[in-house]
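Letter by letter, the chains look like this.
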Amino acid sequence: MYPGPADPDLGTFVAQVERALGDRGHEIERAVLNARSGGKRRHFRLAAETARVAKRFRPDVVYAHFLVPTGFTAAVATRAPLVVTAHGRDVRNIGAYPGIAAATRFVVRRASALIAVSDYLRRELELKIPEAKGKTHVVDCGVDLELFAPAARNGDGPVFVCVGSLTERKNVVRLAEAFERLGRGRLVFVGDGPLRKRLEGRPGVEVVGRVPHDRVAGYIAAADVLCQPSTIEPFGQALLEAMAMERSVVATRVGGPPEFVSPEAGVLVDPLDTAALADGLRRAAELPVPNKEARVAAAEHDLRRQAERIEEILETAARDRRA
C-alpha cells in the first residue's frame, strides 16, 4: 500500500516510514501497490515487480508491510533477509480464509524479524502463529510531529472529525447515531467507503471524502475532537496524529488505542454501546482545546524515533546475513 494519483490516502503510514528511513541515509527501492483498483491481479503484478527490483537492486534486506500477501511475495521473490510489519488485517485474516494460516506461518519462519504496530497485535499474532514468539518487535509507524503540529482552533464548537474508511469496522454509523444523541455541534467524516450513503444527509453531519494525507491536518485543526470508535483498531494512526495537534480523542477500547491514549488525552469507549459513545463525545468535548497533554503522549511516538527503531531491526537482519 502506497499513495498514488487516484488514491492519495492509501498506505500513507508506509510512505512516511520510507521517507524517514531515507532521511537517515538509506538507499531504498520500492515495489508497491498505489491503487485500490485491480483486484487480485494486482498482487501478481506486485510479485513480478518485487522479483524484478530485487534482482536488479540486490538488497541487503527486504522490508515488507502486511504478512500476506505482500510478506509472502517478498519471502519467495528474494533470498535476502526479510523483515515484515503486521498492521492488523493480515493478522485477522489468519484462520478466516483457507490457506492464510499456512502462508503466514511460512512468512514468519522465513522472516529474520517481525514487527507489530501494537502490543495488542503482537499478542494476537503469537496466539495464532506461535512461531512468531521471540522474533516480534512492537514498533508503530509513528507520527510526523512537524506535519501534525499544534494548531489554534477557530470557530464555534464542538466539532468532531472522523478520519478513515467508511466501513463497518470503523463503526461510523454508530458514531453518527451517538452524535445525534449529543444534539449539538458538527460531525465531519474524512474518508470514503460503502457506508457513505448511510451518513450523508444527517443533520450536522458532513462527508468530505478521501483527501491526501497532507490535507488531513487541516481538518483536525478545525476540530475539537477526533473520533475513532472502531469495533476493533489494531493501532489507530489518526488518533495519534490528532493528539500530536493537541486535540482530544474518542477511541475504542478494543485493540491498540489503550496503549497510548491517556485519560488526559481522550476517552476510551465500548464501541458497541451507542449511549456510552455519546457520553464519550460529550466528555471529550469538555477536555481543553488545545490539549497539551495529548501532544506530550503523542511525542512518545515521534516518527523519527520509530524509524530509528525500525532501522535497528533492519540493520540487525542484514548484519546477521553477512555474518
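See the structure shown above.
Just so it is clear, the structure is predicted and the values come from calculations on it, not from any experiment.

**Student:** Teacher, can you tell me more about the packing of aromatic side chains here?
**Tutor:** Each aromatic ring pair is specified by the distance between its two centres and by the angle formed by the two planes. What the rule picks out here adds up to three aromatic pairs. Aromatic pair Phe 160 and Phe 179: ring centres 6.2 Å apart, planes at 70°, arrangement edge-to-face. With Phe 160 in strand S5 (residues 159–163) and Phe 179 in helix H7 (residues 172–182), the pair connects residues that are 19 residues apart, well separated along the chain. Judged by relative accessible area, Phe 160 falls into the buried class, the value being 0%. The exposure class assigned to Phe 179 is buried, which follows from its relative accessible area of 4%. For the pair Phe 235 and Phe 260, a centre-to-centre distance of 4.9 Å together with 35° between the ring planes defines the contact as tilted. Placement of the pair is Phe 235 in the loop between strand S8 (225–228) and helix H9 (237–244) and Phe 260 in the loop between strand S9 (248–252) and strand S10 (266–269), with a sequence separation of 25 residues. Considered together, Phe 235 and Phe 260 belong to a single accessibility category, that of buried residues. Taking NZ or CZ as reference, Arg 89 lies 5.4 Å from the ring centre of Phe 66, over its face.

**Student:** Could you clarify how one ought to interpret the packing of helix H2 (residues 41–57) against helix H3 (residues 67–77) in this entry?
**Tutor:** A pair of packed helices can be characterised by two numbers: the angle between their axes and the separation between those axes. At their nearest, the axes of H2 and H3 sit 9 Å apart, and the two run at 40° to each other. Of the two possible hands of crossing, H2 and H3 adopt the one that is right-handed. The residues of H3 that touch H2, namely those facing His 43, Leu 46, Ala 47, Thr 50, Ala 51 and Ala 54, are Pro 69, Thr 70, Thr 73, Ala 74 and Ala 77. Looking at side-chain class alone, the contact of H2 with H3 contains seven nonpolar, four polar and no charged residues.

**Student:** What exactly am I supposed to notice about the nonpolar core here?
**Tutor:** For soluble globular proteins, the rule of thumb is that nonpolar side chains tend to be buried together. Judged by nonpolar contacts, the single largest core of 55 residues is most densely connected at Leu 67, Leu 82, Leu 114, Leu 125, Phe 148, Leu 226 and Met 243. Top contributing element to this core by residue count: H9, with six residues. Met 243 has contacts with Val 249, Phe 260, Val 261, Ala 265, Ala 294, Arg 295, Ala 297 and Ala 298, leaving out every residue within four places of it along the chain. Core analysis: the second largest hydrophobic core is formed by 25 residues, Cys 162, Ala 178, Val 207 and Ala 278 among them.

**Student:** What exactly am I supposed to notice about the pattern of salt bridges here?
**Tutor:** Between side chains of opposite charge, a pair can form as their charged atoms come close. Under the counting rule described, the total for this entry stands at 25 salt bridges. For the salt bridge of Glu 49 with Arg 52, the shortest nitrogen-to-oxygen distance reads 2.8 Å. In this pair, Glu 49 and Arg 52 are both assigned in helix H2, three residues apart and thus about one turn of the helix distant. With a relative accessible area of 27%, Glu 49 lands in the partly exposed category. For Arg 153, the salt bridge is made with Asp 224, and the minimal N-O distance between the two is 3.2 Å. On the criterion of sequence distance, the pair formed by Arg 153 in the loop between strand S4 (136–138) and S5 and Asp 224 in the loop between helix H8 (213–221) and S8 is long-range, its members being 71 residues apart. In terms of burial, Arg 153 and Asp 224 fall into one category: buried. Taken together, the shared-partner salt bridges connect Asp 7, Asp 9, Arg 36 and Arg 210 into one network.

**Student:** Help me understand the pairing of S9, please; the structure alone is not making it clear to me.
**Tutor:** Strand residues, when the strand is regular, have side chains that alternate between the two faces of the sheet. For S9, the tally of buried residues reaches five of five residues, placing the bulk of the element in the interior. In S9, alternate side chains face the same way, and those of Ser 248, Val 250 and Thr 252 on one face and Val 249 and Ala 251 on the other are all buried. Handedness of the crossover joining S8 and S9 through H9 is recorded here as right-handed. Judged from the four bridges that link them, S9 and S10 form a sheet pairing that is parallel. Looking at the pairing, Val 250 lines up with Val 267 of S10.

**Student:** Is there a simple way to think about the sheet that holds strand S3 (residues 113–116) in this case?
**Tutor:** What links the strands of a sheet is backbone hydrogen bonding, and the strands pair in either a parallel or an antiparallel sense. The strand order across the open sheet built from four strands is S1-S2-S3-S4, with neighbouring strands paired in parallel fashion. Unpaired on one side and paired on the other, strand S1 (62–65) and S4 mark the two borders of the sheet. For this sheet the average axis-to-axis angle between neighbouring strands, irrespective of direction, equals 25°. Two elements, strand S2 (residues 82–86) and S3, share four bridges in a ladder whose sense is parallel. Residue Val 83 lies in a different strand from S3, and its bridge partner there is Ala 113.

What counts and how
- Within every chain, residues take consecutive numbers counted from 1 along the sequence as written.
- With the structure being a predicted model, the display of local features is reserved for residues of pLDDT at least 70 and the display and counting of side-chain atom pairs for 80 or more, all residues being used for whole-chain, interface and lining totals.
- Computation of side-chain values covers all heavy atoms of the structure but excludes hydrogens and water.
- Working definition: rings of Phe, Tyr and Trp (its six-membered ring) pair if their centres are within 6.5 Å, and the pair is stacked with planes under 30 degrees apart, edge-to-face with planes over 60 apart, and tilted otherwise.
- Numbering of helices and strands starts at the N terminus; helices are DSSP runs of H or I of at least 4 residues and strands are runs of E of at least 2.
- Exposed residues in this analysis have more than 50% of their type's maximum accessible area, buried residues have under 20%, and partly exposed residues fall in between, with area computed by a 1.4 Å probe over protein chains only.
- Two thresholds decide whether a charge sits over a ring: the Lys NZ or Arg CZ must be within 6 Å of the ring centre and within 35 degrees of the ring normal.
- Fitted lines through C-alpha atoms give the axes, limited to the stretch in contact for helices. The angle between two N-to-C directions lies from 0 to 180 degrees.
- It is the rotation of the near helix from the far one that decides the hand of a crossing: anticlockwise by less than a right angle makes it left-handed, clockwise makes it right-handed.
- Residues count as neighbours in contact if any of their non-hydrogen atoms are within 4.5 Å of one another.
- By the convention adopted, Pro, Cys, Tyr, Trp, Phe, Met, Ile, Leu, Val and Ala count as nonpolar, Lys, Arg, Asp and Glu as charged, and the other residues, Gly among them, as polar.
- We define a nonpolar core as any set of buried Ala, Val, Leu, Ile, Met, Phe, Trp, Tyr and Cys residues linked to one another through side-chain atoms lying within 4.5 Å.
- Throughout this description, the term salt bridge denotes a Lys or Arg side-chain nitrogen within 4 Å of a carboxyl oxygen of Asp or Glu.
- Classification remark: right-handed applies to a crossover when, strands pointing away from the viewer, the course from the first strand over the helix to the second runs clockwise.
- Any two strands with at least two DSSP-identified bridges between them are counted as paired.

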